Amino acid sequence: MSTLHTVNKSPFATQALLSCLNHCKDGDAVLMIEDGVYGGVSGTGMASMVEDKMKSVTLYVLSPDLSARGIDAARLIDGIQGTDYAGFVELVAKHDRTQNWL
Amino acid sequence: MTTKKFLYVNRKAPYGTIYALESLEVVLIGAAFEQDVSVAFLDDGVFQLTKGQDTGEIGVKNFSPTFRALGDYDVTKLYVEAESLAERGLTKDDLQDIQYEDEDDDYAEKPSIIIVNRAEMADVMADQDVVLSF
């Protein structure tokens, strides 16, 4: 039993990503979408917390939202996987529930 | 009809945005479908349950008394995160006293608010069939 969490806000604007990571269970997945993709960038004030959580949780970013914001995938924290809309659907189908952190 | 476990997650303060009121409306609508409903309050969502709200001078409806009616719709599990309260300088005593009548126990009045820590809140979330966020 696992949950797909989505985060759509910048971690520098709201606590959505922080709260999400604090409530994830081992084996869950977190997909960063829309402004949430800023949470996946390396070298930010949030990066160490995200890196730490990646030991137990799989992290994804929605690549079209990354591209839209001019962020090269090479700037992502190592281990974060890019996915497209079809991959988003597969993630939803693969998990028992989806929880959106607004 | 199969009963599913529904959790409504509240993370926003009550009057700055429409989320909190919309959540309450959806909880009441959902209650009509006789599902196993729980409601979670964490982060700024805990502000929704504070007592003494008076919106008379800001021109919007004070919907906080409605939380006390949820028990009549069999919504009797209101999970409130202890860490979120503490971070905001709140204690349980700052929240409304919300009770329900337990029809299986001679209609004894029982508290609806369940204070849980962050790990317990994560367990509540992971135990659901459907999670709706506001």
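Residues numbered from 1 in each chain as written. Chains lettered and ligands numbered in written order. Predicted model: local features only at pLDDT ≥ 70, side-chain atom pairs only at ≥ 80, totals over all residues. Heavy atoms only, no water.

A.B. asks: It is not clear to me how the sheet that holds strand E5 (residues 97-101) of chain A should be interpreted in this structure. Could you clarify?
C.D. replies: Strand pairing in a sheet takes place through backbone hydrogen bonds and is either antiparallel or parallel in direction. Residues and elements named next belong to chain A. The five strands lie next to each other as E4-E3-E2-E1-E5, forming an open sheet whose pairing is parallel. A single partner strand is all that each edge strand has here, and the edge strands are strand E4 (81-83) and E5. For this sheet, the mean inter-axis angle between neighbouring strands, taken without regard to orientation, is 25 degrees. Bridge count for strand E3 (residues 58-62) against E4 is three bridges, and the pairing is parallel. Looking at E4, one finds that Val61 is bridged to Gly82. Strand contacts of helix H4 (residues 85-94): strand E1 (3-7), strand E2 (29-32), E3, E4 and E5, with the helix running at about 145 degrees to E3, the strand carrying the most contacts. (Pairing = 2+ DSSP bridges. Helix = DSSP H or I, 4+ residues; strand = E, 2+ residues; numbered from the N terminus. Axes fitted to C-alpha atoms, helices over the stretch in contact; angles between N-to-C directions. Contact = heavy atoms within 4.5 Å.)

A.B. asks: How should the interface of chain B and chain A be read in this particular structure?
C.D. replies: Many structure descriptions define interface size as the accessible area lost when the parts assemble. Taken together, the 19 residues of chain B in the interface contact 13 residues of chain A. Here chain B packs against chain A, burying approximately 1300 Å² in sum over the two surfaces, 46% of which is carbon and sulfur. Our count for the chain B to chain A interface comes out at one salt bridge. Across the pair Asp123 of chain B and Lys25 of chain A runs a salt bridge, and its minimum N-O distance is 2.2 Å. One can count eight residue pairs in polar contact (both at pLDDT 80 or more) joining chain B with chain A. Elements that contribute at least two residues to the side of chain B that touches chain A include exactly helix H3 (118-126) and strand E7 (130-133) of chain B. Among the elements that make up the side of chain B that touches chain A, the one with the highest residue count is H3 of chain B (six residues). The residue inventory of the side of chain B that touches chain A, partitioned by class, reads nine nonpolar, two polar and eight charged. (Buried area = accessible area lost by both parts, 1.4 Å probe. Salt bridge = Lys/Arg side-chain N within 4 Å of Asp/Glu carboxyl O. Polar contact = N/O pair within 3.5 Å; in protein donor to acceptor, adjacent residues only side chain to side chain. Nonpolar A, V, L, I, M, F, W, Y, C, P; charged D, E, K, R; others polar.)

A.B. asks: Looking at this model, I keep getting lost on the sheet that holds E7 of chain B. Mind explaining?
C.D. replies: All names here are of chain B. Read across the open sheet, the five strands follow the order E6-E3-E2-E1-E7; overall the sheet is parallel. Both outer strands of the open sheet, strand E6 (113-116) and E7, are each paired with one neighbouring strand and no more. If you compare each strand with its neighbour and ignore which way they point, the axes differ by 25 degrees on average. Bridge analysis of strand E1 (residues 5-10) against E7 gives four bridges, and the strand direction is parallel. Opposite Phe6, over in E7, you have Val130 as the bridge partner.

A.B. asks: Would you take a moment to explain a negative patch on the surface for this structure?
C.D. replies: A contiguous patch of negative charge on the surface is contributed by Glu34, Asp72, Asp74, Asp97, Glu101, Glu103, Asp104 and Glu109 of chain B. Among the secondary structure elements, Asp74 of chain B is positioned in the loop between strand E2 (36-41) and strand E3 (78-81). (Patch = residues over 30% accessible without salt bridge, like charges linked within 9 Å, V, L, I, M, F, W, Y side chains within 5 Å. Areas by Shrake-Rupley, 256 points an atom, 1.4 Å probe, with all protein chains shown as cover. Lys, Arg positive; Asp, Glu negative; His and termini not counted. Charge placed at Lys NZ, Arg CZ, Asp CG, Glu CD.)

A.B. asks: Got a minute to help me understand helix H1 (residues 19-31) of chain B in this structure?
C.D. replies: Each α-helix turn comprises 3.6 residues. Residues three or four places apart therefore point the same way. All names here are of chain B. With 13 residues, H1 extends 18 Å from end C-alpha to end C-alpha; this agrees with the ideal 18 Å at 1.5 Å per step. Taken together, the buried positions of H1 are occupied by Ala20, Ser23, Leu24, Val27, Gly30 and Ala31. Buried residues along H1 cover an arc of 130 degrees about the axis, so they all sit on one side. Contact partners of the buried residues in H1: E1 and E2. (Expected span 1.5 Å × (residues − 1). Buried < 20%, exposed > 50% of the residue type's maximum accessible area, 1.4 Å probe, protein only. Arc of directions from axis to C-beta.)

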